[in-house]
Amino acid sequence: MAFDSFSAFIIMEGHGPYVWACYAVFAVLVAGLMIWSVKRHQSVMDACQRRYVHDAKNSGRPAQKASATFTRVEISQD
Amino acid sequence: MWQWFHKLGSPKWFFGIATRFMPWLLAGGLLLLAAGLTWGLAFAPEDYLQGNSYRIIFIHVPSAFLAQSIYISMAVAAVVTLVWRMKLADVFVKAIAPVGLVFTFLSLFTGAVWGKPTWGTWWVWDARLTSMLILLFLYGGVIALDRAINDEKSAARAVAVLVLVGVVNIPIIKYSVDWWNTLHQPATFKLTEKPTMPMEMWLPLLLSVLGLYLLFGWLTCIRMKTEILIREQRTRWVRELVMAGGK
Amino acid sequence: MHPIRKKRLTIVLFLVAGLAIAVGLTTYALRQNINLFYDPSQIAAGEVPVDVRIRAGGMVEEGSVVRDPDSLKVEFRVTDFSASVPMEYVGILPDLFAEGQGVVAMGRMDANGRFIADQVLAKHDEQYMPPEVAEALERASKGQHKAADAEKAAESAAY
């Protein structure tokens, strides 16, 4: 350990705010990027699944009313 | 070799490979990054000149490395898109452009915060900092252009051309500190030369760089898989895969 | 390779090569504007306009720093080991400011060849080391011949 105590580790001889701000922003952005990517993958997966289930149900009944067959599968890019 | 190249172009084949590699990339990346950053933050000795503020290097340098590597890999994919019209190459560019944007922002941000206690200023318009800001705008431009064009094929080609045009910025970033007078110092972490720091500072930096590369690999896999799902949702293999629960 | 692909590849390569040449020539033509600061040699050679806001950079000469006891005024010389320029500055210096360290100053040349700075930034090199190592290096270098020392400093300096 390069520091004598925990408080010295936090303060870092006055450079603490700079160092910790950088590490905090880094952690938030990298974690955010990962979580966002996982969530988006999941939501695309779910949307596809809903669509396929819906299609499978409808394939038996081709005379469905048009207004009732609309399912949104386009996934927003963000 | 060409057979391998065409196999790589198959979304189905890629999907399977990515799914297999992802747990390893994630575990390895998190482990190396955690080890490197803990070592760098708490155990590496302080610098004789900058004291503890130099500890920002352990995130600044990996972010900057990735920001540039991602752009270079996007440029390679752009050539593949333009010459071979391979769909997967375009999927790759689309999937990782936001990742590149985030890491470019991170290297600029951490650099600014590091500059304040060491140089005495957050920002200076020297060649290194300015060319890095241009890289940020290039990433933004790539993302915006891709969203602005609805037709998938036109978007792929337009984006590929923009990426290729921007690639001249990469050598400028790399050599800016050697070609011109800048406030930014020359590179610390070079793969080809003897490191300019002792092992107990260099090793944690190496671990962080490797860890972040692995995490980037994981991000690439999951984001490309998402993009493939959207594009190939009408194919049979995606249908079977989704109905089987994504396995 | 398929002839169409070959043609496309050629076009792409020409695009990138042409662009690289264009950007290369532009940056070469603008190199003086891209340089962040003037060297002391350039200032000594009279390449620098008087009374125009410019940046000057170099190493703070050893033993040249004179602090005014009553104010924040500091005088020092900045050198690139072939020429040196006297500077004065009123204000708080960055922590890393020290003799033998690099600085980049913003200000104007006055008619007497002095650089009046209104902002001083510290520049450091890419060498990092623990304090003990730095001390040991310093002790070792003190024993050596002074000229050799200055030469080594000039080589490793990234002012």
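Further up the page is the structure itself.
Quick caveat, the model's predicted, so the values are computed rather than measured. (Residues numbered from 1 in each chain as written. Chains lettered and ligands numbered in written order. Predicted model: local features only at pLDDT ≥ 70, side-chain atom pairs only at ≥ 80, totals over all residues. Heavy atoms only, no water.)

Below, the discussion takes up the packing of aromatic side chains. In the structure shown here, the tally under the stated rule is 15 aromatic pairs over all chains. Look at B:Tyr54 and B:Phe58: their rings are 5.9 Å apart centre to centre, the planes differ by 65°, and that puts the pair in the edge-to-face class. By the burial criterion, B:Tyr54 is buried, and B:Phe58 matches it. Ring plane angle 25° and centroid distance 5.4 Å describe the contact between B:Tyr175 and B:Trp179, whose orientation is recorded as stacked. Remark: B:Trp179 and B:Tyr175 occur in helix α7 (residues 169-179); sequence separation between them is four residues, near one turn of the helix. One aromatic cluster is present, formed by A:Phe3, A:Phe6, A:Phe9, A:Trp20 and A:Tyr23 through successive ring pairs. In this structure, C:Arg31 is placed above the aromatic ring of C:Tyr28, and the distance from its NZ or CZ to the ring centre is 4.3 Å. (Phe/Tyr/Trp six-rings, centres within 6.5 Å; stacked < 30°, edge-to-face > 60°. Buried < 20%, exposed > 50% of the residue type's maximum accessible area, 1.4 Å probe, protein only. Helix = DSSP H or I, 4+ residues; strand = E, 2+ residues; numbered from the N terminus. Lys NZ or Arg CZ within 6 Å of the ring centre and 35° of its normal.)

Bringing the interface of chain C and chain B into the picture now. On the chain B side, the residues contacting the 38 residues of chain C number 44 residues. Buried area between chain C and chain B, both sides added, is near 3600 Å², and the carbon and sulfur share of it is 67%. Across the chain C-chain B interface, the total number found is zero salt bridges. Applying the counting rule to chain C against chain B returns 13 residue pairs in polar contact (both at pLDDT 80 or more). Among the secondary structure elements, those contributing two or more residues to the side of chain C that touches chain B are α1 (3-29), α2 (31-34), β6 (115-123) and α4 (131-142) of chain C. The element best represented in the side of chain C that touches chain B is α1(C), accounting for ten residues. Of the residues in the side of chain C that touches chain B, the class split is 23 nonpolar, six polar and nine charged. (Contact = heavy atoms within 4.5 Å. Buried area = accessible area lost by both parts, 1.4 Å probe. Salt bridge = Lys/Arg side-chain N within 4 Å of Asp/Glu carboxyl O. Polar contact = N/O pair within 3.5 Å; in protein donor to acceptor, adjacent residues only side chain to side chain. Nonpolar A, V, L, I, M, F, W, Y, C, P; charged D, E, K, R; others polar.)

Attention shifts here to the environment of C:Val12. Looking at the element boundaries, C:Val12 is found in helix α1. Residue C:Val12 is classed as buried on the basis of its relative accessible area of 6%. Ignoring anything within four residues of it in the chain, the contact list for C:Val12 reads B:Val79, B:Leu82, B:Val83 and B:Leu164.

Turning to the packing of helix α3 (residues 57-84) of chain B against α7(B), a few remarks are in order. All names here are of chain B. Between α3 and α7, the least distance of the axes is 10 Å, while the angle of their chain directions is 150°. On the basis of their axis angle, the class for α3 and α7 is roughly antiparallel. When the axes of α3 and α7 are compared, the crossing they make is left-handed. Residues Gln68, Tyr71 and Ile72 of α3 lie in contact with α7, whose contacting residues are Ile170, Ile173 and Lys174. Its residues assigned to classes, the contact of α3 with α7 shows four nonpolar, one polar and one charged. (Axes fitted to C-alpha atoms, helices over the stretch in contact; angles between N-to-C directions. Parallel < 35°, antiparallel > 145°, perpendicular 65-115°, else oblique. Left-handed = near helix turned anticlockwise from the far one by under 90°.)

It is worth spelling out the arrangement of the chains at this point. With two pairs of chains in contact, the largest contact count belongs to chains A and B. Contact between chain A and chain C is absent, and the least distance between their C-alpha atoms amounts to 11 Å.

So, on to the side chain of B:Asn52. Mapped onto the fold, B:Asn52 is located in the loop between α2 (11-43) and α3. A distance of 3.0 Å separates a polar atom in the side chain of B:Asn52 from a polar atom in the side chain of B:Arg55. With residues near it in sequence (within four places) discarded, B:Asn52 still touches A:Phe3, A:Met12, A:Glu13, A:His15, A:Val19 and B:Glu46.

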